[in-house]
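Take a look at the letters that make up each chain.
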Amino acid sequence: MIKKVRPHSSNTTATRLLDIAEVLFSEHGYAMTTVRDIATRAKVNQALINYHFQNKKGLFNAVFERRASIILAERNFLLSEAKQKAKNKSIPLRDLIYAFIYPPLRMASEDKGGKSFVKLQARLHNEPKSIENALRSKLYDATSLRFMEELKITLPKLSEESIAWRLIFVMGLYLYVASNTGRIEVISKGRCKGGNLAQAIPEILDFCEQGFLAPPTQP
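Participant: Please explain a nonpolar patch on the surface as it appears in this structure.
Facilitator: Among the surface-exposed residues, W165, I168 and F169 lie close enough to one another that they form a single nonpolar patch of about 370 Å² accessible area. Counting through the fold element by element, F169 comes out in helix α8 (residues 160-179).

Pasting the structure below:
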């Protein structure tokens, strides 16, 4: 269970702790980042972390929830917008994919904090299972299941199992692209830029759309 922490939206010390913890957790992971590391980088007494977030786990949860809530709100807004536009018809597949991938890609491209968060999101599976499972359940399950329901309507010829696998592949794809590792610049010999969303998003949409439209897997 994720415990509540003190409100911090308008507190500059708490915000600084969140910003610094986000970078350190994304670089070193939960286990290898200490409360002392965070307090030292923030130039504050360790007791302030306990005051605002109870403990390291509370701080980690707060770091995650801060930006994940923004991504999920934007995903749900884009999905609702696409559903309204479709009226009584199924939502076009490309619109569903866009609503899912755009928010984290946008966040990663806007500032260093956004990029650190997406990197942290990508390594969540390496964190203690009690933390990982609680965060995924609280923050991601409802929205992911909502997309699954719409994908089932849009792709009636695919089994629920195939849709689930293909959505997982989409998740892995956007996390890697958002991490902007520099590999695209190398293999394209500088023709492509990982942080260029105008260049990346159409390619991602084409690739993911064709993946979902591939024939059902034969038993």
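From this point, the discussion proceeds with the structure in view.
Participant: Looking at this structure, how should I read the packing of α8 against helix α10 (residues 197-213)?
Facilitator: What describes two packed helices is the angle between their axes and the distance between those same axes. Relative orientation of the contacting elements α8 and α10 amounts to 165°, with a least axis distance of 10 Å. By the angle between their directions, the pair α8 and α10 is classed as roughly antiparallel. In the crossing of α8 with α10, the sense of the turn from one axis to the other is right-handed. In this structure, α8 contributes I163, R166, L167, V170, L173 and V177 to the contact, and α10 contributes I204, F207, C208, G211 and F212. Split into classes, the residues belonging to the contact of α8 with α10 amount to nine nonpolar, one polar and one charged.

Participant: Help me out: how do you make sense of α10 in this one?
Facilitator: Residue pairs three or four apart in sequence face the same way in an α-helix, which turns once every 3.6 residues. Taking 1.5 Å of rise per residue, the 17 residues of α10 would be expected to cover 24 Å, and the 23 Å separating its terminal C-alpha atoms lies within 8% of that figure. What α10 keeps buried is the set L197, A200, I201, I204, L205, C208, E209 and F212. Buried residues of α10, viewed axially, fall in a sector of 150°; they line one side. Away from its buried face, by an angle of more than 90 degrees, α10 presents the exposed residues E203, F207 and Q210. On its buried side, α10 packs onto α5 (93-110), α7 (129-154) and α8. Where α10 begins, one side-chain oxygen reaches toward the backbone nitrogen of A198, 3.2 Å away; that side chain belongs to N196.

Participant: I'm lost on the environment of L151 in this one. Help?
Facilitator: With respect to the helices and strands, L151 occurs in helix α7. A relative accessible area of 3% means that L151 is categorised as buried. Taking the C-alpha atoms as reference points, L151 and G182, 31 residues apart in sequence, are found 32 Å from one another. Ignoring any residue separated from it by four or fewer positions in sequence, one finds L151 in contact with L93, L96, I163, L167 and F212.

Participant: How should the pattern of salt bridges be read in this particular structure?
Facilitator: Charged atoms that come close allow side chains of opposite charge to pair. This structure, assessed with the given rule, holds 14 salt bridges. K83 is the salt-bridge partner of E150, the closest N and O atoms lying 2.9 Å from each other. Placement of E150 in helix α7 and of K83 in helix α4 (residues 56-86) is noted, with a sequence separation of 67 residues between them. A salt bridge links E110 to R106, with the nearest nitrogen and oxygen atoms 2.8 Å apart. Of the two residues, E110 and R106 are both situated in helix α5; the distance of four residues between them amounts to about one turn of the helix. If you follow the salt bridges from partner to partner, you end up with D19, E22, R66 and R67 in one network.

Thresholds, definitions, all that
- Throughout this description, residue numbers start from 1 for each chain and increase along the sequence as written.
- Note on the predicted model: pLDDT of at least 70 is required for a residue's local features to be given, and 80 or more for side-chain atom pairs to be given and counted; whole-chain, interface and lining totals, by contrast, use all residues.
- As a rule here, side-chain values come from all non-hydrogen atoms in the structure, and water together with hydrogens is ignored.
- The residues that make up patches have over 30% relative accessible area and no salt bridge, and they are joined within 9 Å when like-charged or within 5 Å when they are Val, Leu, Ile, Met, Phe, Trp or Tyr.
- Per-residue and other accessible areas were derived by the Shrake-Rupley procedure at a 1.4 Å probe size, with only the shown protein chains allowed to occlude residues.
- In what follows, salt bridge is the name for a side-chain nitrogen of Lys or Arg lying within 4 Å of a carboxyl oxygen of Asp or Glu.
- Put simply, DSSP H or I for four residues or longer makes a helix, DSSP E for two residues or longer makes a strand, and each gets a number counted from the N terminus.
- What counts as an axis is a line fitted to C-alpha atoms, over the stretch in contact for a helix, and the angles between N-to-C directions run from 0 to 180 degrees.
- Here is the rule for angles: anything less than 35 degrees is roughly parallel, anything more than 145 is roughly antiparallel, 65 through 115 is roughly perpendicular, and the remaining ranges are oblique.
- Left-handed describes a crossing whose near helix is turned anticlockwise from the far helix by less than a right angle; the clockwise case is right-handed.
- The contact criterion used is simple: two residues touch if any of their non-hydrogen atoms lie within 4.5 Å.
- Any residue that is not Ala, Val, Leu, Ile, Met, Phe, Trp, Tyr, Cys, Pro, Asp, Glu, Lys or Arg is counted as polar, Gly included; the first ten are nonpolar and the last four charged.
- By this rule the span expected of a helix is its residue count minus one, scaled by 1.5 Å.
- Relative accessibility thresholds used throughout: buried, under 20% of the residue-type maximum; exposed, over 50%; partly exposed, between the two (1.4 Å probe, protein chains only).
- This arc corresponds to the set of directions leading from the helix axis out to the C-beta atoms.
- A 3.5 Å cut-off defines polar contacts: any pair of N or O atoms within that distance qualifies, except that in protein one atom must be a possible hydrogen donor and the other a possible acceptor, and neighbouring residues in sequence count only when both atoms are side-chain atoms.

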